[in-house]
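Listed here are the chains, written in short residue letters.
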Amino acid sequence: MITPKHLIPFLKQSSRETSVTTLAVFLYIGSNTEDNNHHVLQHEMTEYLGLHKSASVRATKQLVDKELIIKKEGHINRVHRILSLTDEGRELFNSMSNQ
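Since the structure is predicted, the reported quantities are computational estimates derived from the model, not experimental observations.

S.K.: Is there a simple way to think about the sheet that holds strand β1 (residues 40–41) in this case?
M.R.: To summarise the sheet geometry, strands pair through backbone hydrogen bonds and adopt either a parallel or an antiparallel arrangement. Across the sheet, three strands lie side by side as β1-β3-β2; this open sheet has antiparallel pairing. The strands lining the two open edges of the sheet, one partner per strand, are β1 and β2 (69–73). Alignment of β2 against strand β3 (residues 81–85), held across five bridges, turns out to be antiparallel. The partner of K71 across the bridge, within β3, is L83. In this fold helix α4 (residues 53–65) packs onto β2 and β3, with an angle of close to 120 degrees to the strand it touches most, β2.

Now the structure itself:
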């Protein structure tokens, strides 16, 4: 269960819409990195969540700035961005999902 203390990193945004998008991106990455070689592709996540590319980029940047995720260039296709949780991000995700 997600409690208010879990939401603090996501509530310090400029708008509620950004907060919800950032939280959705974080939860998607966390729930899909356990079984998928510990990373997701940003364009696949954007499509799955039905986000506009700019909203995905903005949310991803906020999570990188908060040191909750890592963003790297793709190995085969440098246009693709690979997203994964940092240790701190994994800790937060696990605490949210283990309640």
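Here the narrative resumes, following the displayed structure.
S.K.: Mind showing me how you'd approach the nonpolar core here?
M.R.: Ranked by internal contacts, the top residues of the largest apolar core, which has 16 residues, are F26 and I29. When contributions to this core are tallied by element, the ones reaching two or more residues are α2 (16–32), α4, β3 and α5 (87–97). Not counting the four nearest positions on each side in its chain, I29 is found in contact with V40, M45, I69, L83, S84 and L85.

S.K.: In this structure, what is going on with the side chain of T60? I would like to understand it.
M.R.: Mapped onto the elements of the fold, T60 is located in helix α4. Using a relative accessible area of 0% as the deciding quantity, one classes T60 as buried. What T60 contacts, discounting residues up to four positions off in sequence, is V25, Q42, M45, I69, K71 and L83.

S.K.: Please clarify how unusual backbone geometry should be interpreted in this entry.
M.R.: Of all residues except glycine, most have a negative phi; of all peptide bonds, most are trans. Its identity as a non-glycine residue notwithstanding, E67 has a phi of 60 degrees, on the positive side. As for its placement among the helices and strands, E67 is situated in the loop between α4 and β2. Overall, the relative accessible area of 53% leaves E67 in the exposed class.

S.K.: How should I be thinking about the pattern of salt bridges in this particular structure?
M.R.: Where charged atoms from two side chains of opposite charge approach closely, those side chains can pair. Under the criterion given, the structure shown has one salt bridge. With its nearest N and O atoms 2.8 Å apart, the salt bridge here joins K61 to D65. With a gap of four residues between them, K61 and D65 both fall in helix α4, about one helical turn apart.

The rules behind each value
- Residues numbered from 1 in each chain as written.
- Predicted model: local features only at pLDDT ≥ 70, side-chain atom pairs only at ≥ 80, totals over all residues.
- Heavy atoms only, no water.
- Pairing = 2+ DSSP bridges.
- Helix = DSSP H or I, 4+ residues; strand = E, 2+ residues; numbered from the N terminus.
- Contact = heavy atoms within 4.5 Å.
- Axes fitted to C-alpha atoms, helices over the stretch in contact; angles between N-to-C directions.
- Core = buried A, V, L, I, M, F, W, Y, C linked by side-chain atoms within 4.5 Å.
- Buried < 20%, exposed > 50% of the residue type's maximum accessible area, 1.4 Å probe, protein only.
- Salt bridge = Lys/Arg side-chain N within 4 Å of Asp/Glu carboxyl O.

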